[in-house]
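Summary of the model geometry
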Amino acid sequence: VHPEEWAASAQRLGILSRGETVFTRARIVSRDGTPHWIRLHAKPSYDSSGNHDGVVASFQVIDAVVVNEDFLRQARIHKIRSDARFRRLMENSNIGMCLINPDGTLEIVNQALCTFFGYDAATLRTKTWQELTHPDYLHADAAKVEQIAAGDIDSYRTTKQYIHADG
């Protein structure tokens, strides 16, 4: 038994002595001193007279499972932190920013973009970038968007006019 598991191991033995089953994850140490994670399933054993005469246990080494779970847990934490940074960046930026759906609608907009276009966020999210782009610039912009969608380019910059809420 891994030294950090001694107290938990004693609790498990108590559970087994009360006639209950144990199904848990635990740590053990192999003969060469290498620690391992196991999935443990143990239950009391009874003789033909019904007297408790021991424990039947099985375990499966799950080191790889634990490593993968730790990796996923860290990835979730990283994503939560990254999402929070993204939200702060969007919300606190003086530069108008948005995320656009493939259909052209604005999914996420910040206050600076709302101010720029003269719409509240809910209304702006009902608009498409095509509706907000001045007609003189629409064709060139649409061609670049098609190139991005096709994977031909990763990004582009352009100078263009937009249409404000007041026309």
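All values reported here derive from a predicted model rather than from experimental measurement.

Compared with the 44 Å implied by 1.5 Å per residue over 30 residues, the 43 Å span of helix α2 (residues 63-92) between its first and last C-alpha is a close match. Those residues of α2 not exposed but buried are Val66, Ala84 and Met90.

Attention now moves to the pattern of salt bridges. Scanning the entire structure with this criterion turns up eight salt bridges. Linking arginine 25 and glutamate 69 is a salt bridge whose minimum nitrogen-to-oxygen distance equals 2.7 Å. Taken as a pair, arginine 25 in strand β1 (residues 22-29) and glutamate 69 in helix α2 lie far apart in primary sequence, 44 residues in all. Overall, the relative accessible area of 29% leaves glutamate 69 in the partly exposed class. Here aspartate 83 and lysine 79 are joined by a salt bridge, their closest N and O atoms 2.6 Å apart. Note that aspartate 83 and lysine 79 are positioned in helix α2 at a spacing of four residues, about one turn of the helix. Several salt bridges share partner residues, and in doing so they unite Glu4, Glu5, Arg12 and Arg27 into one network.

Here the largest pocket defines a volume of roughly 570 Å³. Considering the residues around the largest pocket, the lining is formed by 20 residues, among which Cys98, Ile100, Tyr156, Lys160 and Tyr162 are closest to the centre. When residues of the lining of the largest pocket are traced back to their parent elements, those giving at least two are β4 (98-100), α3 (111-117), α5 (129-132) and α6 (135-150). Top contributing element to the lining of the largest pocket by residue count: α6, with four residues. Tallied by class, the residues present in the lining of the largest pocket amount to 14 nonpolar, three polar and three charged. There is about 230 Å³ of room inside the second largest pocket.

A few words on the nonpolar core. Judged by nonpolar contacts, Leu106, Val109, Leu113, Cys114, Phe117, Tyr119, Leu124 and Leu132 together constitute the single largest core of eight residues. Those elements that place two or more of their residues in this core are β5 (106-109) and α3. No other element matches the three residues that α3 contributes to this core. Beyond its immediate stretch of four places on either side in the chain, leucine 106 contacts Cys98, Leu99, Ile100, Leu113, Leu124, Arg125, Lys127, Thr128, Trp129 and Leu132. Listed in part, the six residues of the second largest apolar core include Leu16, Ala26, Ile38 and Ala42.

All right, on to the pairing of β1 then. Taken together, the eight bridges between β1 and strand β2 (residues 35-46) define a ladder with antiparallel strand orientation. Bridging from a neighbouring strand, phenylalanine 23 pairs with histidine 41 of β2.

Before going further, it helps to examine a nonpolar patch on the surface. Residues Phe86, Leu99 and Ile108 make up a contiguous nonpolar surface patch of roughly 210 Å² in combined accessible area. For leucine 99, the position within the fold is in strand β4.

Turning our eyes to something else, we now look at the packing of aromatic side chains. In this structure the tally under the stated criterion is three aromatic pairs. Judged by centre distance (5.8 Å) and plane angle (85°), the rings of phenylalanine 116 and tyrosine 162 are edge-to-face. Here tyrosine 162 lies in the segment after α6 and phenylalanine 116 lies in helix α3, a separation of 46 residues in the sequence. Pairing phenylalanine 117 with tyrosine 162 gives two aromatic rings, centres 5.2 Å apart and planes at 90°, and the pair type is edge-to-face. On the criterion of sequence distance, the pair formed by phenylalanine 117 in helix α3 and tyrosine 162 in the segment after α6 is long-range, its members being 45 residues apart. Residue classification places tyrosine 162 among the partly exposed positions, given a relative accessible area of 39%. Aromatic ring contacts, followed pair by pair, group Phe116, Phe117 and Tyr162 into a single cluster.

Reading the values: the criteria
- Residues numbered from 1 in each chain as written.
- Predicted model: local features only at pLDDT ≥ 70, side-chain atom pairs only at ≥ 80, totals over all residues.
- Heavy atoms only, no water.
- Helix = DSSP H or I, 4+ residues; strand = E, 2+ residues; numbered from the N terminus.
- Expected span 1.5 Å × (residues − 1).
- Buried < 20%, exposed > 50% of the residue type's maximum accessible area, 1.4 Å probe, protein only.
- Salt bridge = Lys/Arg side-chain N within 4 Å of Asp/Glu carboxyl O.
- 1 Å grid on protein atoms, 1.4 Å probe; cavity = no way out; pocket = protein on both sides within 12 Å on 5 of 7 lines; lining within 4 Å.
- Points joined across faces, edges and corners; volume = space filled by probe spheres on them.
- Nonpolar A, V, L, I, M, F, W, Y, C, P; charged D, E, K, R; others polar.
- Core = buried A, V, L, I, M, F, W, Y, C linked by side-chain atoms within 4.5 Å.
- Contact = heavy atoms within 4.5 Å.
- Pairing = 2+ DSSP bridges.
- Patch = residues over 30% accessible without salt bridge, like charges linked within 9 Å, V, L, I, M, F, W, Y side chains within 5 Å.
- Areas by Shrake-Rupley, 256 points an atom, 1.4 Å probe, with all protein chains shown as cover.
- Phe/Tyr/Trp six-rings, centres within 6.5 Å; stacked < 30°, edge-to-face > 60°.

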